[in-house]
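# Inside the fold
Here is what each chain is made of, one letter per residue.
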Amino acid sequence: MSEHFKNKIYKDFDTVAYDSVFAKTMDSLSIGFTNPKTIKAFYESNKNQPKLVTKFYTTGELDSLTVFLQRSEMHGFNPKIFKTEKIKSLLNQLSANQFKHVDESYPIIAQLELLSANAYINYNNYLKYGVINPRNIFSRYYIKVRRPDSAGMVGLLSSENILDTLKAVQPKSEQYKALQAAYLNSNNETEKRILLLNMERFRWKTPEMGENYVQVNIPDFKLTWFDNADTVISMKVCVGGKRESGYEEKLKAFAKSGNLDDKPKNHETPLLYSKINSIQANPVWNIPVSIAQSEIYWMARKDRYYLSNSNINVYYKGKLINEPNTINWNKYSRDKLPFKFKQGSGGGNALGKFKFIFDNSSSIYLHDTNNKNGFNLANRAISHGCVRVEKPLEFAEKLVGDSYTYDKLRAEVDLPPIDSTHVKWYKKRMAAKADTTKSFQLKPAWFGPKKQVPLIITYITAWAQNDKIEYRPDVYGMDEKLWTAMKKFR
């Protein structure tokens, strides 16, 4: 700096005196930092040296930093959150070169160093990872997202070139850039808000899906199979119903009373990432406790033949009850039901003819349905949480990936084979079914996909498609919740 300014005062720079000023500046400024511990640790390990100022002030890269901070509006941020004007003011004071004594520069250098470090880290983190961790604000967000760590932030502060880092961190996703362009071109505040929320979603570091994967987008009520960004198949889906209004307050009341009548309904389909690993033809439905308590119990009390007519088996301590029609339901309260319920394979099964299984902690799966009318609704948030698919056979064909396995699967659900050389299986099965001398019992049959296919159940309310932005309603109110969390960055 002495050489840069042709000012001899910097040759008298007293590191001990500066260190005292730096420590006080750190104490006063770090209260407002996002990652104070990481920043403090970095400077402690570097003897509180003003590394950014000494490396990047004379090269003009700190000025470049302020340019990027000022232009952060194009990403939906308010430059004030980075203390942009304060950093520019400090740069101007340093550039004015009006200090008569070197100790006058210490507070300016210390503030510039620390505010630049905080802004530089935050700007990079916000663009690379997003400003919000979705797992902290959404109760049913089970997709792992990478978040900033101290090693990455120390790497930023140890950078050899700030400008290259700032350029490299700009989002490159085509979806993000399309939403950003629409945001910059829009004058409609409601539209801009939706665009910003979805720009944030595309900043989240979710698992790499690869080139070939299946996406269920809840607000779109659509399943899409992508291959290199091309759509292989697409179909309607029905997803879980929206939670009751006033859910949080009602949940508190239920926690106090313990009365099931106070328990609010929440059938929202969770957001998750997994891999489809098997297909079950003629599935058995293991009825969840929540549905048993809220629906099956009441139907069985109302109609003693409901269970047998619905092909629902009842188990007590793991043993099948042969005559469920004789159960005296008045003896049991629904919150302490000692029974488990399973609906057998067949035409009346709520899961239809196919169940598509993937590992997850919420007992969620994709499945066929007998209620095809649901696919005609505009708002298809009507299920108990699982995802009903409109074209299960087409989906199964794509998953198994070869005609041999696909025809075996078709035979299990009494459909003739596509390949005429496979007719023998079909006729054998139909003959067994028609044989009145033997009892034919329909059982689930398992099939493996050609290879496990990544699946993401996500929530996107605006995206680019065919050179325009598609918008969908905020069916679960997740936009509202995300906007509330993002407000301080606006």
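Within every chain, residues take consecutive numbers counted from 1 along the sequence as written. Where local features are concerned, this predicted model is filtered to residues with pLDDT of at least 70; where side-chain atom pairs are given and counted, the filter is 80 or more; whole-chain, interface and lining totals use all residues. Here the side-chain values reflect all heavy atoms present in the structure, with hydrogen atoms and water set aside.

A word on the overall build of the chain. Only runs of H or I of at least four residues qualify as helices and only runs of E of at least two qualify as strands under DSSP, and these elements are numbered from the N terminus. From N to C terminus, the chain includes 19 helices and 16 strands. On C-alpha atoms alone, the chain measures out to a radius of gyration of 31 Å, which is more than a quarter above the 23 Å that the 2.2 N^0.38 rule sets for 490 residues. Viewed in the frame of its principal axes, the chain has a C-alpha envelope of about 110 × 60 × 45 Å. Counting across all 490 residues of the chain, residues that qualify as buried make up 46%. Whether two residues touch is decided by their heavy atoms; if any such pair falls within 4.5 Å, the residues are in contact. Contacts in the chain between residues at least 24 apart in sequence constitute 69% of all its contacts with a sequence separation of at least 6. Working note: accessible area of the chain is about 25500 Å², and carbon and sulfur atoms make up 49% of it. What the globule rule says is 2.2 Å times the number of residues to the power 0.38, and the radius of gyration is computed from C-alpha atoms. Throughout, exposure labels follow a simple rule: accessible area from a 1.4 Å probe, protein chains only, divided by the maximum for the residue type, with under 20% read as buried, over 50% as exposed, and the rest as partly exposed. All accessibility values rest on the Shrake-Rupley procedure with a 1.4 Å probe; residue burial counts only the protein chains present in the view.

One can describe the packing of helix α5 (residues 61-70) onto helix α7 (residues 106-129) by two numbers: an axis separation of 11 Å at closest approach and a directional angle of 50 degrees. Taken together, the axis directions place α5 and α7 in an arrangement best described as oblique. Handedness of the α5/α7 crossing: left-handed. Contacts between α5 and α7 involve L62, L65, F68 and L69 from the first element and L112, S116, A119, Y120 and Y123 from the second. In this classification, Asp, Glu, Lys and Arg are treated as charged, Ala, Val, Leu, Ile, Met, Phe, Trp, Tyr, Cys and Pro as nonpolar, and every other residue, Gly included, as polar. Of the residues belonging to the contact of α5 with α7, the class tally is 8 nonpolar, 1 polar and no charged. Here the axes come from fitting lines to C-alpha atoms, over the contacting stretch only for helices, and the angles between their N-to-C directions go from 0 to 180 degrees. To sort the angles, those under 35 degrees are grouped as roughly parallel, those over 145 as roughly antiparallel, those from 65 to 115 as roughly perpendicular, and the leftovers as oblique. The sense of a crossing depends on the near helix, which, turned anticlockwise from the far helix by less than a right angle, makes the crossing left-handed and, turned clockwise, makes it right-handed.

A few words on the pairing of strand β14 (residues 453-458). Burial analysis of β14 places 6 of its 6 residues in the buried class, which makes it a mostly covered element. The alternating pattern of β14 places V453, L455 and I457 and P454, I456 and T458 on opposite faces, both of which are buried. Two strands are counted as paired when DSSP detects at least two bridges linking them. Here strand β1 (residues 212-217) runs beside β14; their pairing, made up of 4 bridges, is parallel. Bridge pairing in β14 links Q215 to I456. Two strands pair when backbone bridges link them, and strand β4 (residues 272-281) and β14 are joined in this way by 5 bridges, in the antiparallel orientation. Bridging across to β14, Y273 finds its partner in I456.

Let us look at the state of the cysteines. In what follows, a disulfide is any cysteine sulfur pair within 2.5 Å. As enumerated under the stated definition, the model contains 0 disulfides in all. Cysteine C238 shares no disulfide, and the gap to the nearest cysteine sulfur, in C386, comes to 12 Å. Exposure remark for C386: the relative accessible area of 13% places this residue in the buried category.

This part covers the packing of aromatic side chains. Two aromatic rings from Phe, Tyr or Trp, using only the six-membered ring of Trp, form a pair when their centres are within 6.5 Å; if the ring planes differ by under 30 degrees the pair is stacked, by over 60 it is edge-to-face, and anything between is tilted. Going through the model one piece at a time under the given rule, you end up with 27 aromatic pairs. Pairing F82 with Y126 gives two aromatic rings, centres 5.9 Å apart and planes at 45 degrees, and the pair type is tilted. With F82 in the loop between α5 and α6 (84-96) and Y126 in helix α7, this pair connects stretches of sequence that are 44 residues apart. Consider the rings of Y126 and F489, whose centres lie 5.3 Å apart with planes at 80 degrees: the pair is edge-to-face. Of the two residues, Y126 sits in helix α7 while F489 sits in the segment after α19 (478-486), which places them 363 residues apart along the sequence. F489 matches Y126 in its accessibility class, with the two residues each being buried. An aromatic cluster of at least three residues, connected via ring pairs, comprises Y297, W298, Y316, W329, Y332, F339 and F341. The positively charged end of K192 is found above the aromatic ring belonging to Y183, 5.0 Å away from the centroid. Charge-over-ring placement is defined geometrically: NZ (Lys) or CZ (Arg) within 6 Å of the ring centre, and within 35 degrees of the ring normal. Here the basic side chain of K342 rests over the ring of Y315, its NZ or CZ set 5.4 Å away from the ring centre.

Take the buried residues of types Ala, Val, Leu, Ile, Met, Phe, Trp, Tyr and Cys, join any two whose side-chain atoms come within 4.5 Å, and each joined set is a nonpolar core. Counting residues in hydrophobic clusters, the biggest one holds 130 residues, and the most contacted among them are F341, L366 and F395. Among the elements that make up this core, the one with the highest residue count is α7 (14 residues). What F395 contacts, discounting residues up to four positions off in sequence, is V214, L223, W225, I233, M235, I276, F356 and L366.

On to the environment of K192. Mapped onto the fold, K192 is located in helix α12 (residues 189-203). Residues K192 and P50, spaced 142 residues apart in sequence, show a C-alpha to C-alpha distance of 39 Å. Residues within four places of K192 in sequence aside, it is in contact with Y183 and S186.

There is about 1400 Å³ of room inside the largest pocket. Put plainly, a pocket is an open set of points on a 1 Å grid over the protein atoms alone with protein on both sides within 12 Å along at least five of seven lines, a cavity is a set where a 1.4 Å probe fits but cannot get out, and a lining residue has an atom within 4 Å of a point. Lining the largest pocket are 45 residues, with Q175, F202, Y213, Q215 and I460 positioned closest to its centre. Mapped onto the lining of the largest pocket, the elements with two or more residues apiece are α7, α11 (174-185), α12, β1, β2 (222-227), β3 (230-240), β14 and β15 (462-465). Grid points are joined across faces, edges and corners, and a volume is the space filled by probe spheres set on the points. Approximately 1100 Å³ is the volume found for the second largest pocket. In terms of lining, the second largest pocket is formed by 43 residues, of which the most central are H267, P288, S290, I291 and H384. Broken down by secondary-structure element, the contributors of at least two residues to the lining of the second largest pocket are α13 (247-257), β5 (285-286), α14 (289-302) and β9 (354-358). Per-element accounting of the lining of the second largest pocket gives the leading share, 4 residues, to α14.

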